[in-house]
Every structure is written in structure tokens, then in C-alpha cells.
Amino acid sequence: LLTGAFATGNLVFLPLLAGLRQLGILMLISNEPYEFTDRDIQPFMALVRQVAVTIENRQLFEQTQQALAETATLYQASRRITSAASFDEIAQSVVETLNMPAERAVLTHFDYDDKGQLEYVTLLAGWSRHRERPMSSVGTRYRVSEFPPFYSTISTEPIPCVDVMDSENIEPIM
């Protein structure tokens, strides 16, 4: 940062403070040999406080605008999901409303045995952006040991996979 034009002359760094948090600095640069004194700096201090408040307000405004846009998108998705007439429409609503880069969506339901172990996976919906044939018919019920692609996907956290057959994020069912 202190190369070229900044390397010659003198600098004074004025901290941009919002409360006790430093947001950045305002640099005053003199290309002429000059030693900044407190008397030179003091008139800028009120201005620097105003700059810091303005920067913080601008950042808060941008964060609020972003949160508002995200909330509006989620609200629209929620409305589509709750008014969906079928499981297929639910899957389609999630992908389309949230503008996800997915070509297909598959919605399943887990059935557990009396001991709380996953026993069956039922295909509730299979939606495709290109109207491709689903992997299986809606309503198909698989024993866990038969469920393609034969992986356990029970998790309270999302499981991202680049290549499902090679993923370290999911474990094969034994």
C-alpha cells in the first residue's frame, strides 16, 4: 500500500471509529516535506467521526437491503410451498423460487421401525426442469438397503456432494 505516490512525502492516519470498533482509516498525504501536528489534525477529527458514522450507516443499510431481499425471496418460496397442490409442486417451488442451479429435485420421506432405525425411504416427488423421467415412480417405497444410490443420507446438516459415488461426505450403508 505504501508504494509509489504514498512512499514519498508524509502521511497521517486518522482512525475511522464506530464506538470502539475501527472501521478503517482516512489517510492524509502530503507530497511535500511536512510534519502533521495535532493542530493540523484536530479540525479533521469531527469530520473523520462523521465519515465513520456514514460508512457504518451505509454498511448497515446495505445489510438491511440484502436481508430484506432474502426475506422476500423466502416469503415467496414459503407461499408457493404452502399453496402447493402436490409434492411435485413443493419440489419445483423450492428449486425455482430460490433460483437454485438444480436440474432435478427429489423429495423423500423416511419411515422408522419401533427401535428408531431407518427402515424405509418413500419417494414423494420427482421433479425435473427438463421434464425427464424420474428415477422411480412417485410412491415407490424402498427398504434402506435397496434405496439408490445406496447411501445413508440421515443428517441434521446439509450434505454437499460434488460426486455422490466418490463423496467423503456420505457413508455407504453396510
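Here the structure is a predicted model, which means the values were calculated and not measured.

Overall, the prediction assigns the protein chain a mean pLDDT of 79, with 78% of residues at 70 or greater. The secondary-structure element of the protein chain with the lowest mean pLDDT is strand β7 (residues 171–172), recorded at 50, while helix α1 (residues 38–82) shows the highest, at 91.

With respect to the helices and strands, T122 occurs in strand β4 (residues 118–128). At 3.4 Å, the side chain of T122 forms a polar contact with the side chain of D111. Residues within four places of T122 in sequence aside, it is in contact with L107, T108, H109, D111, G139, T140 and R141.

Here we come to the packing of aromatic side chains. A complete count under the given rule lists one aromatic pair for this structure. On the numbers, 6.5 Å between centres and 85° between planes, the contact of F110 with Y112 is edge-to-face. Residue class for F110 comes out partly exposed when judged on its relative accessible area of 23%. The exposure class assigned to Y112 is partly exposed, which follows from its relative accessible area of 44%. The ring of Y120 has R141 lying over it, and the distance from NZ or CZ to the ring centre is 3.7 Å.

This part is about the pattern of salt bridges. Summed over the entire model, instances satisfying the criterion amount to four salt bridges. Between R80 and E96 there is a salt bridge, and its shortest N-O distance comes to 3.1 Å. With R80 in helix α1 and E96 in helix α2 (residues 87–97), the pair connects residues that are 16 residues apart, well separated along the chain. For E96, a relative accessible area of 32% gives the class partly exposed.

Rules used in this analysis
- Residue positions are given per chain, counting from 1 as you read along its sequence in written order.
- Owing to the predicted nature of the model, reporting of local features is limited to residues with pLDDT of at least 70; listing and counting of side-chain atom pairs is limited to 80 or more, with chain, interface and lining totals taken over all residues.
- Water and hydrogen atoms play no part in the side-chain values, which are based on all heavy atoms of the structure.
- Each residue carries a pLDDT value, the predictor's own confidence for that position, ranging from 0 to 100.
- Strands here mean DSSP runs of E at least two residues long; helices mean DSSP runs of H or I at least four residues long; both are numbered from the N terminus.
- Nitrogen and oxygen atoms within 3.5 Å of one another constitute a polar contact, given that in protein one can donate a hydrogen and the other can accept it, and given that sequence-neighbouring residues count only through two side-chain atoms.
- Any two residues having at least one pair of non-hydrogen atoms within 4.5 Å are treated as being in contact.
- When the centres of two rings from Phe, Tyr and Trp lie within 6.5 Å, Trp using its six-membered ring, the rings pair. Their planes under 30 degrees apart give stacked, over 60 give edge-to-face, and anything left gives tilted.
- Per-residue accessibility, obtained with a 1.4 Å probe over protein chains only, is compared with the maximum for each type, and a residue is labelled buried under 20%, exposed over 50%, and partly exposed between these values.
- Over a ring means this: the NZ of a Lys or the CZ of an Arg is within 6 Å of the ring centre and within 35 degrees of the ring normal.
- What counts as a salt bridge is simple: a side-chain nitrogen of Lys or Arg found within 4 Å of a carboxyl oxygen of Asp or Glu.

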